[in-house]
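The lines below spell out each chain.
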Amino acid sequence: MLRIFVILLGGVFLAESVFAADDLIGDPAVGRKLASQCRTCHGLDGYAKIPIAPHIGGEPASYISGQLKAFRSGERKHEMMTVVAATLDEQKIVDVAAWYASLEAKAITPEDIDLRKKPEVCVTCHGEDGISLAMDAPNLAAESIVYISTQLKAFRNGKRKHPVMTAIAANLSDEDIRAVSKWYSAIELKINTP
Amino acid sequence: MKLNLFSTTVASLALALSASVSAQTNLEKLSSVQTTGTSFADKLIDQGGSKAAQIKKNLESINLPDGFKISLYALVPDARHMSVAPQGTVVWVGTRKVNIYTVSDRDKDRVADEVEVFASPLDFNVPNGVCISKDGFLYSVEANRVLVFPAAEFFWENPDVAVGVVVAQGDLIPPDEESYNHGARVCRIGPDNKLYISLGQPHNVSPPGKIDLYQKLGIGGIIRMDRDGNNREVYAHGVRNSVGFDFNPTNGDLWFTDNQVDGMGDDIPPGELNRAPGMGYNYGHPWYGGGTVVTNEYKGVTPPEGIVHPQVEMDAHAADLGMTFYTGKQFPAKYKGGIFNAQHGSWNRVKPVGARIMFTALDSDGNAASTEVFADGWLDDETGEYSGRPVDIAQLSDGSILVSDDFAGAIYRISYGM
């Protein structure tokens, strides 16, 4: 059962524009070809084929490239992604990110969803429907319960680190995590190619 | 342009959760034989429509030896490891998500009638492993918990099943060692009536600092315990991530597949099919990445004595998963006593390989004699696209075999003759 989340903002989420750290520009067409090594798990259109992989079609490019770089540097670890990211240079990373970011993610919230279970603590950045509202936040719509809960637990136990998520996850019980995961996994996701 | 909401500090972020005490969980209720109030309604998975038609069409391109036939048995979302009820009432199917399914074939026309969610009031987390004892106790092994369902063949139709805890949440492995990808367990009841469970280790290659801990706990190994969870011990170690094992019915040997190290190249290291003639052997991880290929991380390091190398070296990265000894009478004599195993197919090889059913015959000493492709055609050689990815094999009482596929979300049946 999801408890009621209350977030006391205290002027925290100040808007701030983003400047890219480097000036590499991703080419979606090149990225699409590179995505042949992503598709068995994430799908060529970014709709995941296995439960432990997230849907990445229509994700913010900065989120995708940021995570690939984190896997490459070892800051984020995963049995498969650490191996994949080691083979990618900066240009390949921005190309792959450009391909998946060029797709359009559309969330469809089921009519019978229980609005009392809306995870207030998540929606500012991840959206009520799981479509990201922040450059550094992934879409969560239709992600598997297993994926979302695994990531939240990784933030909670320190295996995965993030300035905001580490603090949020620290306060979540297993039941809270399950409830948040259920909310977003219940939302349907359609990914449209341009 | 989107705002970068995350780049600011969280020093002043205060998060308050209501302090309400959580109600008794459904697991607690069912363990003390209370009801949860869950209705019987609409947990059925649709078995027809365009999806079934497309899968049947895809099966036309599957290659099998002469005389064999493959057909669609059931649509089961995310279908992973299977366990056939001793009295033949149902097949339980695990997933890497949050559901276990029951598949029933009441009229015995060898096509499933109903597929439904099992024990729906319970919250599972990667309930990949399901195995039933001869006396009808079903075990579910999740990433970090083991439950038992007594008289499962009797109770399965009611969402409120009888359930007990064998290994409590967080006690199978330390939660810090929970893995992103190697958390799909497999279980079986051994000839000694103990519960055997495979525990993948959570790295591509285990780091040196973890070896002692993992050997002690059986992470990167296969453990066994009494059916009530007591007397846990490590049966096999030095295993990277085994997602399939079975016991040789003629001599009780444990055989297991093992997924090998990634990132060393497309053609090395080989996948493995291993034989464990007893307890306590080391199968080589992390010193060997598969077969006798030394991992980059352990080059120049002397491995421990007595490492057992695989009986069969499979194609690199083909991902050998579920396996079963064939004991039926339906197939030609050459298959009796041999091993069928599923290859899930590679995920990072330039030219994909796998998505097949392999068959390994044994010799009179109980060693592997020969391995051949039994079924393939789920992988399009030209486009590199999968139309299915086999996970596990189970045998029905009539001697036909079932193949689960978590990519297509289906179970197929392979039969011979008629």
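Bear in mind that the values here come from a model prediction, so they are computed numbers and not experimental data. (Residues numbered from 1 in each chain as written. Chains lettered and ligands numbered in written order. Predicted model: local features only at pLDDT ≥ 70, side-chain atom pairs only at ≥ 80, totals over all residues.)

Our focus in this paragraph is the overall build of chain A. Within chain A one finds 9 helices and 3 strands. Each helix (α) and strand (β) of chain A, taken in turn from the N terminus, gives the series β-α-α-α-α-α-β-α-α-α-α-β. Residues classed as buried in chain A amount to 49% of the 194 residues present. Relative to all contacts within chain A whose residues are 6 or more apart in sequence, the contacts with residues 24 or more apart total 71%. (Helix = DSSP H or I, 4+ residues; strand = E, 2+ residues; numbered from the N terminus. Buried ≥ 20, exposed ≤ 12 C-beta atoms within 10 Å, placed from the backbone. Contact = placed C-beta atoms within 7 Å.)

Residues and elements named next belong to chain B. Pairing within the open sheet is antiparallel, and its 4 strands lie in the order 2-28-27-26. Each edge of the sheet is formed by a strand with only one pairing partner; in this case those strands are strand 2 (68-75) and strand 26 (390-395). Between one strand and the next, the sheet's axes are offset by a mean angle of 25°, whatever the strand orientation. Bridge count between strand 26 and strand 27 (residues 401-405): 5 bridges; the pairing is antiparallel. By the bridge assignment, I393 is partnered in strand 27 with V403. (Pairing = 2+ DSSP bridges. Axes fitted to C-alpha atoms, helices over the stretch in contact; angles between N-to-C directions.)

Attention now goes to the confidence of the model for chain B. Residue and element names in this part refer to chain B. On average, residues of chain B score 92 in pLDDT, and 94% of them are at 70 or above. Confidence drops under pLDDT 50 across residues 1-22; counting only partners more than four residues distant or on other chains, this segment forms 56 contacts. Overall fold confidence for the complex sits at a pTM of 0.91, while the interface term, ipTM, reaches 0.84. (pLDDT = per-residue confidence, 0-100.)

Okay, the environment of A:P28 next. Residue and element names in this part refer to chain A. Within the secondary structure, P28 sits in helix 1 (residues 28-34). Judged by C-beta crowding, with 18 C-beta atoms within 10 Å, P28 ranks as partly exposed. Excluding residues that lie within four positions of it along the chain, P28 makes contacts with A98, W99 and S102.

Further remarks concern the sheet that holds strand 17 (residues 271-276) of chain B. Residues and elements named next belong to chain B. Pairing within the open sheet is antiparallel, and its 4 strands lie in the order 15-16-17-21. At either end of the open sheet lies a strand with only one pairing partner, and these are strand 15 (245-247) and strand 21 (312-314). Averaged over all pairs of adjacent strands, the angle between their axes in this sheet comes to 15°, without regard to strand direction. Summarising the sheet, strand 15 and strand 16 (residues 254-258) pair through 3 bridges and their orientation is antiparallel.

Moving on, we get to unusual backbone geometry. The peptide bond linking B:I268 to B:P269 adopts the cis configuration, its omega dihedral lying at -10°. Looking along the chain, the bond that leaves B:H285 and enters B:P286 is cis, with omega of 5°. Located in the positive-phi region is A:A142, a residue other than glycine, with phi close to 70°. Topologically, A:A142 is positioned in the loop between helix 6 (120-126) and helix 7 (145-157). Phi is positive for B:V126, which is not a glycine, with a value near 55°. Looking at the secondary structure, you find B:V126 in the loop between strand 6 (114-118) and strand 7 (129-132).

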